[in-house]
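Chain by chain, the residues:
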Amino acid sequence: MMRVIGAGFPRTGTASMKAALERLGFGPCYHMFEVMTHPDHVDRWLSAASGATPDWDRVMAGYDSCQDWPASFFWKELAETYPQAKVVLTVRDPRRWYTSFRWLSSQAAFRQIDPEEAPEAVRPSLEGMRRMRPLLERFGRETFDGWQFGTDLSEAVALDGFHRHVARVRETIPADRLLVFDVREGWEPLCRFLDVDVPGIPFPHLNERDVMEGMFQRMVREGRLPAPFTTGS
């Protein structure tokens, strides 16, 4: 049963949040990395590409929390489906977010590997991401005024979408059910919101760009899909 719903955009600390929630006992946590490591999950999401409502219990089966797209795009639907779940809206400095998101959305990393030319062991993951493209296109259109992945996203359009999203989440989710959270704040506000004890270890601060670039490089060099998360302070 979903207990924590992530409403933040990609590149707002969602990898760190996945690691943190799992450390606090709210795992497994669904993240885009789950689609990469479990390509069969793509079938759970494809109906949403055309605007249909997925079977959320099937989509999120086996997970207690979620972060990042594809799940966070559907934060409102998930909040309605799981009314007992709390909602965490991850945020960061908008211009720093734009720089990071622009890198991801340029698809520079994805273009490095053609599924047909990739090592056999990683082909299912790459093909899964290719099949996710229609859903990602929907995310881009609806979030950033018709924008398409692979084209340049202007700062003005991106920041407008960012601020509009934050405002909409704040207006929709009751204050006692919502935490607006910057991962730089560490454990205390998150643990207080979730009513759990603060762990005796540092909060996991993961550089998502480094994680992604490292994954793609190892996929090419070693022909395997490595575990994406290595926590640090």
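As the structure is a computational prediction, the values presented were derived from the model and not from experiment.

(A) Molecular detail of the pattern of salt bridges. Applying the stated criterion across every chain yields a total of 13 salt bridges. Note that Arg133 is salt-bridged to Glu137, the shortest N-O span being 2.7 Å. One end of the pair is Arg133 and the other is Glu137, both in helix 8 (residues 133-143) and four residues apart, which spans about a single turn. Assessed through its relative accessible area of 31%, Arg133 is described here as partly exposed.

(B) Layout of the nonpolar core. Judged by nonpolar contacts, the single largest core of 52 residues is most densely connected at Ile5, Trp45, Met60, Trp69 and Trp97. A per-element tally of this core places helix 9 (residues 155-172) first, with five residues. The residues contacting Ile5, other than those within four sequence positions of it, are Cys66, Trp75, Leu78, Ala79, Tyr82, Ala85, Lys86, Val87 and Val88. In terms of nonpolar packing, the next biggest core, distinct from the first, is built from 17 residues, Leu21, Cys29, Phe181 and Leu194 among them.

(C) Structural detail: the packing of aromatic side chains. For the structure on display, the rule yields 23 aromatic pairs. Plain terms: the ring middles of Phe9 and Trp69 are 6.2 Å apart, the flat faces sit at 70° to each other, and that makes the pair edge-to-face. Taken together, the residues Phe9 in the loop between strand 1 (4-6) and helix 1 (14-23) and Trp69 in the loop between strand 3 (65-66) and helix 5 (75-81) connect sequence positions 60 residues apart. A centroid spacing of 5.5 Å and a plane angle of 35° characterise the contact between Phe9 and Trp97, whose relative ring orientation is tilted. With Phe9 in the loop between strand 1 and helix 1 and Trp97 in helix 6 (residues 94-105), this residue pair connects regions lying 88 residues apart in the sequence. Taking relative accessible area as the criterion, Phe9 reaches 4% and is therefore assigned buried. When its relative accessible area of 0% is taken as the criterion, Trp97 is described as buried.

(D) How the structure looks around the sheet that holds strand 5 (residues 178-181). Across the sheet, which stays open at both edges, the five strands sit in the order 2-3-1-4-5 with parallel pairing between neighbours. A strand with exactly one partner marks an edge of an open sheet, and here the two such strands are strand 2 (29-30) and strand 5. Relative to strand 3, strand 1 is paired through two bridges, and the arrangement is parallel. Paired with Val4 across the bridge in strand 3 is Ser65.

Procedures and definitions
Residues numbered from 1 in each chain as written. Predicted model: local features only at pLDDT ≥ 70, side-chain atom pairs only at ≥ 80, totals over all residues. Heavy atoms only, no water. Salt bridge = Lys/Arg side-chain N within 4 Å of Asp/Glu carboxyl O. Helix = DSSP H or I, 4+ residues; strand = E, 2+ residues; numbered from the N terminus. Buried < 20%, exposed > 50% of the residue type's maximum accessible area, 1.4 Å probe, protein only. Core = buried A, V, L, I, M, F, W, Y, C linked by side-chain atoms within 4.5 Å. Contact = heavy atoms within 4.5 Å. Phe/Tyr/Trp six-rings, centres within 6.5 Å; stacked < 30°, edge-to-face > 60°. Pairing = 2+ DSSP bridges.

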